[in-house]
Amino acid sequence: GESVGLHLPTLSVQEGDNSIINCAYSNSASDYFIWYKQESGKGPQFIIDIRSNMDKRQGQRVTVLLNKTVKHLSLQIAATQPGDSAVYFCAEAIIQGAQKLVFGQGTRLTINP
Amino acid sequence: EAQVTQNPRYLITVTGKKLTVTCSQNMNHEYMSWYRQDPGLGLRQIYYSMNVEVTDKGDVPEGYKVSRKEKRNFPLILESPSPNQTSLYFCASSLNRGLETQYFGPGTRLLVL
(Lines give C-alpha, C1' and ligand atoms only; values in the text may rest on other atoms or scores of the structure.)
Protein backbone atom coordinates (compact mmCIF):
# COMPACT_ATOMS: atom_id res chain seq x y z
CA GLY A 1 0.00 0.00 0.00
CA GLU A 2 0.98 3.62 -0.15
CA SER A 3 3.04 4.95 2.67
CA VAL A 4 5.48 7.74 3.21
CA GLY A 5 7.58 7.71 6.30
CA LEU A 6 10.48 9.47 7.88
CA HIS A 7 13.54 7.82 9.34
CA LEU A 8 13.87 10.15 12.33
CA PRO A 9 11.11 11.89 14.24
CA THR A 10 13.45 14.57 15.64
CA LEU A 11 16.63 16.22 14.45
CA SER A 12 18.78 18.69 16.34
CA VAL A 13 21.48 20.70 14.58
CA GLN A 14 23.78 23.55 15.44
CA GLU A 15 22.98 26.92 13.99
CA GLY A 16 24.96 27.38 10.83
CA ASP A 17 25.32 23.67 10.12
CA ASN A 18 23.59 21.89 7.29
CA SER A 19 20.50 19.82 8.02
CA ILE A 20 19.47 16.67 6.22
CA ILE A 21 15.97 15.32 6.67
CA ASN A 22 15.18 11.94 5.17
CA CYS A 23 12.04 10.32 3.88
CA ALA A 24 11.18 6.89 2.53
CA TYR A 25 8.26 6.23 0.23
CA SER A 26 6.70 3.10 -1.14
CA ASN A 27 4.61 4.04 -4.17
CA SER A 28 6.61 3.87 -7.38
CA ALA A 29 3.74 5.47 -9.29
CA SER A 30 3.95 8.82 -7.49
CA ASP A 31 4.24 11.73 -9.90
CA TYR A 32 6.22 14.04 -7.68
CA PHE A 33 7.30 14.71 -4.16
CA ILE A 34 6.93 17.76 -1.99
CA TRP A 35 8.51 19.02 1.17
CA TYR A 36 6.45 21.10 3.56
CA LYS A 37 7.44 23.11 6.60
CA GLN A 38 5.01 23.49 9.47
CA GLU A 39 5.68 26.01 12.18
CA SER A 40 3.92 25.84 15.49
CA GLY A 41 0.28 26.88 15.23
CA LYS A 42 0.33 27.19 11.46
CA GLY A 43 -0.60 25.14 8.46
CA PRO A 44 2.01 23.40 6.31
CA GLN A 45 3.91 25.66 3.94
CA PHE A 46 5.35 24.53 0.62
CA ILE A 47 9.15 24.48 0.49
CA ILE A 48 10.20 22.66 -2.63
CA ASP A 49 9.07 19.86 -4.88
CA ILE A 50 10.67 17.46 -7.31
CA ARG A 51 9.22 15.57 -10.24
CA SER A 52 9.60 11.83 -10.39
CA ASN A 53 11.77 12.13 -13.52
CA MET A 54 14.37 14.24 -11.70
CA ASP A 55 16.93 13.30 -9.06
CA LYS A 56 17.91 16.70 -7.73
CA ARG A 57 16.42 20.13 -7.42
CA GLN A 58 17.76 23.21 -5.70
CA GLY A 59 16.01 26.16 -4.20
CA GLN A 60 17.11 28.95 -1.95
CA ARG A 61 19.21 27.25 0.74
CA VAL A 62 17.37 23.98 0.17
CA THR A 63 18.08 20.98 -2.01
CA VAL A 64 15.90 17.96 -2.53
CA LEU A 65 17.36 14.68 -3.67
CA LEU A 66 15.33 11.80 -5.03
CA ASN A 67 16.68 8.28 -5.26
CA LYS A 68 14.07 6.19 -7.01
CA THR A 69 16.15 3.03 -6.81
CA VAL A 70 15.79 2.87 -3.04
CA LYS A 71 12.65 5.05 -2.88
CA HIS A 72 14.32 7.67 -0.76
CA LEU A 73 13.87 11.42 -0.61
CA SER A 74 15.90 13.93 1.34
CA LEU A 75 15.76 17.62 2.12
CA GLN A 76 19.00 19.44 2.72
CA ILE A 77 18.94 22.84 4.38
CA ALA A 78 22.14 24.81 4.13
CA ALA A 79 23.40 27.03 6.94
CA THR A 80 20.49 26.25 9.23
CA GLN A 81 18.99 29.26 10.96
CA PRO A 82 16.74 29.57 14.04
CA GLY A 83 13.83 30.32 11.74
CA ASP A 84 14.21 26.86 10.25
CA SER A 85 12.91 25.28 13.45
CA ALA A 86 9.72 23.50 12.49
CA VAL A 87 8.25 20.14 11.61
CA TYR A 88 9.10 19.05 8.09
CA PHE A 89 6.85 16.74 6.11
CA CYS A 90 7.53 14.94 2.92
CA ALA A 91 4.56 14.08 0.74
CA GLU A 92 4.12 12.12 -2.43
CA ALA A 93 1.65 13.37 -4.98
CA ILE A 94 -0.42 11.23 -7.24
CA ILE A 95 -2.22 13.21 -9.93
CA GLN A 96 -3.40 10.41 -12.18
CA GLY A 97 -6.93 9.37 -11.34
CA ALA A 98 -7.54 10.06 -7.65
CA GLN A 99 -5.58 13.23 -7.08
CA LYS A 100 -4.08 13.26 -3.63
CA LEU A 101 -1.15 13.80 -1.38
CA VAL A 102 0.17 11.17 1.00
CA PHE A 103 2.10 12.70 3.87
CA GLY A 104 4.82 11.28 6.04
CA GLN A 105 4.68 11.59 9.82
CA GLY A 106 7.02 14.55 10.00
CA THR A 107 10.44 15.36 11.47
CA ARG A 108 10.87 18.03 14.09
CA LEU A 109 13.96 20.11 13.41
CA THR A 110 15.39 22.05 16.33
CA ILE A 111 18.26 24.48 16.07
CA ASN A 112 20.82 24.72 18.83
CA PRO A 113 22.45 28.14 19.24
CA GLU B 1 -3.57 38.87 0.19
CA ALA B 2 -3.89 35.32 -1.12
CA GLN B 3 -5.13 33.10 1.65
CA VAL B 4 -7.19 30.21 2.86
CA THR B 5 -9.37 30.95 5.85
CA GLN B 6 -11.03 28.53 8.22
CA ASN B 7 -13.66 29.08 10.87
CA PRO B 8 -13.78 28.46 13.69
CA ARG B 9 -10.16 28.12 14.69
CA TYR B 10 -11.02 26.32 17.89
CA LEU B 11 -14.14 24.35 18.74
CA ILE B 12 -15.26 22.24 21.67
CA THR B 13 -18.42 20.26 21.17
CA VAL B 14 -20.21 17.19 22.44
CA THR B 15 -20.81 13.85 20.81
CA GLY B 16 -23.62 13.89 18.27
CA LYS B 17 -24.00 17.62 17.88
CA LYS B 18 -23.72 18.50 14.20
CA LEU B 19 -21.06 21.01 13.28
CA THR B 20 -19.63 22.66 10.21
CA VAL B 21 -16.13 23.98 9.70
CA THR B 22 -15.99 26.54 6.92
CA CYS B 23 -13.17 26.98 4.46
CA SER B 24 -12.81 29.79 1.98
CA GLN B 25 -10.08 30.73 -0.49
CA ASN B 26 -9.69 33.96 -2.46
CA MET B 27 -7.36 32.67 -5.18
CA ASN B 28 -9.93 31.25 -7.59
CA HIS B 29 -8.45 27.80 -7.05
CA GLU B 30 -10.23 24.82 -8.49
CA TYR B 31 -8.81 22.16 -6.19
CA MET B 32 -9.67 22.14 -2.50
CA SER B 33 -9.07 19.54 0.14
CA TRP B 34 -9.55 18.73 3.81
CA TYR B 35 -6.98 17.02 6.00
CA ARG B 36 -6.84 15.97 9.59
CA GLN B 37 -3.59 15.94 11.52
CA ASP B 38 -3.05 13.59 14.42
CA PRO B 39 0.12 12.91 16.45
CA GLY B 40 2.18 10.15 14.91
CA LEU B 41 -0.06 9.93 11.86
CA GLY B 42 0.80 13.09 9.97
CA LEU B 43 -1.79 14.65 7.70
CA ARG B 44 -4.43 12.42 6.19
CA GLN B 45 -6.78 13.51 3.47
CA ILE B 46 -10.48 13.42 4.28
CA TYR B 47 -12.12 14.71 1.11
CA TYR B 48 -11.10 16.69 -1.90
CA SER B 49 -12.82 18.59 -4.67
CA MET B 50 -11.50 19.22 -8.16
CA ASN B 51 -14.13 21.83 -8.97
CA VAL B 52 -17.62 23.02 -8.18
CA GLU B 53 -19.97 20.10 -7.55
CA VAL B 54 -17.10 17.61 -7.91
CA THR B 55 -16.02 15.98 -4.68
CA ASP B 56 -14.37 12.67 -3.82
CA LYS B 57 -13.26 10.71 -0.81
CA GLY B 58 -9.75 10.83 0.50
CA ASP B 59 -8.16 8.31 2.82
CA VAL B 60 -10.31 8.87 5.92
CA PRO B 61 -13.78 10.06 4.82
CA GLU B 62 -15.88 8.15 7.38
CA GLY B 63 -17.96 10.46 9.54
CA TYR B 64 -17.47 13.50 7.33
CA LYS B 65 -19.33 15.21 4.53
CA VAL B 66 -18.37 18.05 2.23
CA SER B 67 -20.01 20.20 -0.37
CA ARG B 68 -18.71 22.46 -3.12
CA LYS B 69 -21.51 24.70 -4.28
CA GLU B 70 -19.23 27.63 -4.95
CA LYS B 71 -15.65 27.70 -6.11
CA ARG B 72 -14.34 29.59 -3.12
CA ASN B 73 -16.00 27.59 -0.33
CA PHE B 74 -15.53 24.02 0.79
CA PRO B 75 -17.20 23.35 4.14
CA LEU B 76 -16.51 20.24 6.19
CA ILE B 77 -19.55 18.81 7.91
CA LEU B 78 -19.62 16.44 10.86
CA GLU B 79 -23.19 15.21 11.09
CA SER B 80 -22.70 13.34 14.36
CA PRO B 81 -19.25 14.03 15.80
CA SER B 82 -17.56 11.42 17.91
CA PRO B 83 -14.52 11.67 20.20
CA ASN B 84 -12.29 9.97 17.61
CA GLN B 85 -12.82 13.01 15.41
CA THR B 86 -10.96 15.15 17.89
CA SER B 87 -8.13 16.44 15.75
CA LEU B 88 -6.50 19.38 14.02
CA TYR B 89 -8.13 20.04 10.66
CA PHE B 90 -6.61 21.81 7.68
CA CYS B 91 -8.24 23.03 4.55
CA ALA B 92 -6.08 23.53 1.47
CA SER B 93 -6.48 24.77 -2.07
CA SER B 94 -4.46 24.82 -5.26
CA LEU B 95 -4.82 25.96 -8.84
CA ASN B 96 -5.99 23.28 -11.21
CA ARG B 97 -4.08 20.10 -10.52
CA GLY B 98 -1.07 21.85 -9.04
CA LEU B 99 -0.76 20.00 -5.77
CA GLU B 100 2.74 21.32 -5.40
CA THR B 101 1.43 24.82 -4.82
CA GLN B 102 -1.23 23.83 -2.35
CA TYR B 103 -1.99 26.57 0.15
CA PHE B 104 -3.04 25.50 3.62
CA GLY B 105 -5.36 27.29 5.99
CA PRO B 106 -4.37 28.05 9.59
CA GLY B 107 -6.12 24.98 11.00
CA THR B 108 -9.14 24.26 13.17
CA ARG B 109 -8.59 22.46 16.44
CA LEU B 110 -11.63 20.38 17.32
CA LEU B 111 -12.34 18.66 20.60
CA VAL B 112 -15.31 16.31 20.78
CA LEU B 113 -16.33 15.36 24.31
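Everything that follows concerns the structure shown earlier in this document.
Here the structure is a predicted model, which is why all the values come from computation and not from measurement.

A. Quick peek at the overall build of chain A. Across its full length, chain A carries zero helices and eleven strands. From first element to last, N terminus to C terminus, chain A shows the α and β order β-β-β-β-β-β-β-β-β-β-β. In chain A, which comprises 113 residues, the share counted as buried stands at 47%. A sequence separation of at least 24 residues applies to 54% of the contacts in chain A between residues at least 6 apart. When the accessible area of chain A is evaluated, it comes to approximately 5,400 Å², of which 47% is carbon and sulfur surface.

B. Region of the structure containing the sheet that holds strand β1 (residues 4-7) of chain B. All names here are of chain B. Spatially, four strands are ordered β1-β3-β8-β7 in an open sheet, and the strand pairing comes out antiparallel. Strands at the two margins of the open sheet, each flanked by one partner only, are β1 and β7 (65-66). Bridge count between β7 and strand β8 (residues 76-78): two bridges; the pairing is antiparallel. Counted as the bridge partner of Lys65 is Ile77 from β8.

C. View of the nonpolar core. Membership of the largest hydrophobic core comes to 20 residues, with the highest contact counts inside it found for Trp35(A), Leu73(A), Leu75(A), Tyr88(A) and Leu109(A). Taken together, the elements giving at least two residues each to this core come down to β2 (10-14), β3 (19-25), β4 (32-38), β5 (45-51), β7 (62-67), β8 (72-77), β9 (86-94) and β11 (107-112) of chain A. Each residue touching Leu73(A), except ones within four places of it in the same chain, is listed here: Ile21(A), Asn22(A), Cys23(A), Phe33(A), Trp35(A), Ile50(A), Val64(A), Leu65(A), Leu66(A) and Cys90(A). By size, the runner-up hydrophobic cluster in this structure holds 19 residues, among which are Leu19(B), Val21(B), Trp34(B) and Leu78(B).

D. Examining the packing of aromatic side chains more closely. Applying the stated criterion to the full structure yields ten aromatic pairs over all chains. Relative to Phe104(B), the ring of Tyr36(A) lies with its centre 5.4 Å away and its plane at 85°, an arrangement referred to as edge-to-face. Within this pair, whereas Tyr36(A) is found in strand β4, its partner Phe104(B) is found in strand β10 (residues 103-104), the two belonging to separate chains. Between Phe103(A) and Phe104(B) the ring centres are 6.2 Å apart and the planes differ by 80°, which places this aromatic pair in the edge-to-face class. Here Phe104(B) lies in strand β10 and Phe103(A) lies in strand β10 (residues 100-103), a pairing that spans two chains.

E. Geometry of the interface of chain A and chain B. Between chain A and chain B, the contact holds 24 residues from the first and 21 residues from the second. Note on chain A versus chain B: buried area summed over both sides is about 1,700 Å², and carbon and sulfur give 49% of it. Linking chain A with chain B are zero salt bridges, by the criterion used here. If you look at where chain A meets chain B, you find one residue pair in polar contact (both at pLDDT 80 or more). Residue assignment for the side of chain A that touches chain B shows that the elements contributing at least two residues are β4, β5, β9 and β10 of chain A. In terms of residue count, β4(A) provides more of the side of chain A that touches chain B than any other element does, four residues in total.

F. Fine view of unusual backbone geometry. Pro8(B) follows Asn7(B) through a cis peptide bond whose omega is -5°. The phi angle at Arg61(A) is positive, at roughly 70°, despite the residue not being glycine. Tracing the sequence through the fold places Arg61(A) in the loop between β6 (56-58) and β7. Classification of Arg61(A) as partly exposed rests on a relative accessible area of 30%.

Each value, and the rule that gives it
- Residues numbered from 1 in each chain as written.
- Chains lettered and ligands numbered in written order.
- Predicted model: local features only at pLDDT ≥ 70, side-chain atom pairs only at ≥ 80, totals over all residues.
- Heavy atoms only, no water.
- Helix = DSSP H or I, 4+ residues; strand = E, 2+ residues; numbered from the N terminus.
- Buried < 20%, exposed > 50% of the residue type's maximum accessible area, 1.4 Å probe, protein only.
- Contact = heavy atoms within 4.5 Å.
- Areas by Shrake-Rupley, 256 points an atom, 1.4 Å probe, with all protein chains shown as cover.
- Pairing = 2+ DSSP bridges.
- Core = buried A, V, L, I, M, F, W, Y, C linked by side-chain atoms within 4.5 Å.
- Phe/Tyr/Trp six-rings, centres within 6.5 Å; stacked < 30°, edge-to-face > 60°.
- Buried area = accessible area lost by both parts, 1.4 Å probe.
- Salt bridge = Lys/Arg side-chain N within 4 Å of Asp/Glu carboxyl O.
- Polar contact = N/O pair within 3.5 Å; in protein donor to acceptor, adjacent residues only side chain to side chain.

Worth remembering: the numbers are spatial, not functional.
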